[in-house]
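# Summary of structural features
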Amino acid sequence: MNYSDPNLGLHTSVTFDSRESSGRPPHSWAISHKAVAPLAMGLDALIILSMSILSGVVYHLEAIGTRGDLIQFGGFASVVAVLFIALSKNRDLYEMTELLNFKSQVREIAMAWVAVFLFLTGVAFTTKIGADFSRGATLAFGICGLAALIGERVFWRIFLADGLAVRKFSGREVMLIEEQPSNSSLLEAFARHGLRLSHHFVLPADRTDVTRRLATITQAISAARGSSIEEIIVSANLDYWSDLRGLLSKLRVLPIPVNLVPVGPVSELLKVPSHMIGDTLTIELQHGPRTLFQRSIKRIFDIAVAATGLVLLLPVFVATAIAIKIDSPGPIIFRQRRCGFNGKQFQILKFRTMSVLEDGESIVQAQPNDARVTRVGNLLRRSSIDELPQLLNVLDGSMSIVGPRPHAVAHDNQFDKMIGNYAYRNHVKPGLTGWAQVNGFRGETRTVADIEERVKLDLWYIDNWNIMTDFRIILMTLIEISRQENAY
């Protein structure tokens, strides 16, 4: 690797052999990263063809007793493969760096797969050839084919990561130009995603020394000419972009793509979503409420779970009500003011577990061995049965099954003064259970650090919500309840 020392103002060439430094034996051969994309496309085509024939034959044998038309299965698979591979190639999904990003791959190939089937469904409807194809076999192919492609992406992720670790792949050769040396995280990212750093230049720290900074760019241009470098990556602070832009414009003499890795405070803006209003770029500084589609999906989910829960748990409701009445005087249901979506107050419903009904300006949180908790209340709190009436809150729309747990209004007022972004929790409906509760923050918040961590987890949920996360939290809640930790 070539390295430019800005302190000397000279270009110093230093050679590192990563195979010797890592203790691994050198390999006599290596697969070029350029071969990965054709191999991945070929494997996709083979999997699509195989799954179409396999699912079609199995379905017809089970449904009709014959193996079906193999030519029809193969022909349909060929059309699907061409469209899917073309769409994936257009989105650069076969690049080594993309194949190493498993989560992105799963999302992108699922979208491409569904898009292809929707397109072919529209074609079949328009041309009236849908009757020639078995809907059952087509559905089986769609499900099995997508599952097989995702399984293939697991293989590529493991295969490429292991291959890069032992240098079985010769990654894309890049040059790095930095304003500050020793960006270890960036170098690790290069190695992880199959980029091979062959030249590394560091611009002089003194931005007023235009001569030396220009000399470094000139050295970089000379090193790139006639070399096998496929990309130049520049790591720079955008606070000084006006000075840097003219300097980097010198790289235009090279027929090589140049990409910028922004660093510094301004770079945070590039990590958030953006969209265009005409020709004007706008950056999203804060999420608005979820889209109508997202809210509809979550509301349907909430109603289905709450209604099912109320029906199945009706005997538990009756038994609990009787036990509370026998155990101590007072109402069966405890009501307390809580803040919901956009700070709107509502009355949360719980089975009464204490001898007091606090809902004022000062409320003491439940503590271990709390004298206010009744005998039946102790059991209800440990098993979380006391929370079940909140299924009615979910049905009336004031709560969701999953969301940030609501605190008493008195505690909200207290925490809001202590935690700067506490009110951001009100961007969504509060939940019967939440991400913070299944990550160890169930029950009393003893310290400011506890509150801050709970808020941090709640905000993560708000920013990263999807319906599968709700399913995951519900399953984790059942496990958490069985442990009965921090429940008193």
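Anything mentioned here points back to the structure above.
As a starting point, this report considers the structure included with it. For clarity, every value in this text was computed on a predicted model and none was experimentally measured. (Residues numbered from 1 in each chain as written. Predicted model: local features only at pLDDT ≥ 70, side-chain atom pairs only at ≥ 80, totals over all residues. Heavy atoms only, no water.)

Within the largest apolar cluster, 34 residues are counted, with the highest numbers of intra-cluster contacts made by Ile 401 and Tyr 461. Mapped by element, the contributors of at least two residues to this core are helix H10 (292-312), helix H11 (314-327), strand E12 (345-351), helix H12 (375-383), helix H13 (390-395), strand E13 (400-402) and helix H15 (448-464). Considering each element in turn, this core owes the most residues, 6 residues, to H15. Setting aside residues up to four positions removed in sequence, Tyr 461 forms contacts with Arg 290, Lys 298, Val 402, Gly 403, Pro 404, Trp 435, Thr 469, Asp 470 and Ile 473. (Core = buried A, V, L, I, M, F, W, Y, C linked by side-chain atoms within 4.5 Å. Buried < 20%, exposed > 50% of the residue type's maximum accessible area, 1.4 Å probe, protein only. Helix = DSSP H or I, 4+ residues; strand = E, 2+ residues; numbered from the N terminus. Contact = heavy atoms within 4.5 Å.)

It is the contact of helix H2 (residues 36-63) with helix H3 (residues 70-90), at a shortest axis distance of 9 Å, that shows an interaxial angle of 145 degrees. Here H2 and H3 pass one another in a crossing that is right-handed. Where H2 approaches H3, its residues Met 41, Asp 44, Ala 45, Ile 48, Leu 49, Ser 52, Ile 53, Gly 56, Val 57 and His 60 are matched on the opposing element by Leu 70, Phe 73, Gly 74, Ala 77, Val 80, Ala 81, Phe 84, Ile 85 and Lys 89. Residue composition of the contact of H2 with H3, by class: 13 nonpolar, 4 polar and 2 charged. (Axes fitted to C-alpha atoms, helices over the stretch in contact; angles between N-to-C directions. Left-handed = near helix turned anticlockwise from the far one by under 90°. Nonpolar A, V, L, I, M, F, W, Y, C, P; charged D, E, K, R; others polar.)

What follows deals with the packing of H11 against H12. At a minimum axis separation of 8 Å, H11 and H12 run at an interaxial angle of 145 degrees. Within the contact between the two elements, H11 uses Thr 320, Ala 323, Ile 324 and Asp 327 and H12 uses Arg 375, Val 376 and Leu 380. Split by residue class, the contact of H11 with H12 holds 4 nonpolar, 1 polar and 2 charged.

Let us look at the pairing of strand E10 (residues 280-283). Pairing geometry for strand E9 (residues 274-277) and E10, over 4 bridges, is antiparallel. Within E10, the residue paired with His 275 across the bridge is Thr 282. Hairpin connection between E9 and E10: a loop of 2 residues separates the two successive antiparallel strands, and Gly 278 in this loop has a positive phi of roughly 65 degrees. (Pairing = 2+ DSSP bridges.)

Quick look at a nonpolar patch on the surface now. Together, Leu 269, Val 272, Met 276, Leu 281, Ile 283 and Leu 285 make up a nonpolar patch on the protein surface, roughly 560 Å² of accessible area in all. Looking at the secondary structure, you find Leu 281 in strand E10. (Patch = residues over 30% accessible without salt bridge, like charges linked within 9 Å, V, L, I, M, F, W, Y side chains within 5 Å. Areas by Shrake-Rupley, 256 points an atom, 1.4 Å probe, with all protein chains shown as cover. Salt bridge = Lys/Arg side-chain N within 4 Å of Asp/Glu carboxyl O.)

Let us look at the packing of aromatic side chains. The full count for this structure, using the stated rule, is 13 aromatic pairs. Taking the centre distance of 4.9 Å and the plane angle of 25 degrees together, the rings of Trp 435 and Trp 460 count as stacked. Taken together, the positions of Trp 435 in the loop between strand E14 (431-433) and H15 and Trp 460 in helix H15 put the pair 25 residues apart, joining distant regions of the chain. By relative accessible area, Trp 460 is classed as partly exposed at 35%. (Phe/Tyr/Trp six-rings, centres within 6.5 Å; stacked < 30°, edge-to-face > 60°.)

Right, let's get into the pairing of strand E5 (residues 172-178). Within E5, 7 of the 7 residues are buried, which leaves the element mostly enclosed by the surrounding structure. Residue alternation in E5 divides its side chains into two sets, Arg 172, Val 174, Leu 176 and Glu 178 and Glu 173, Met 175 and Ile 177, and both sets are buried.

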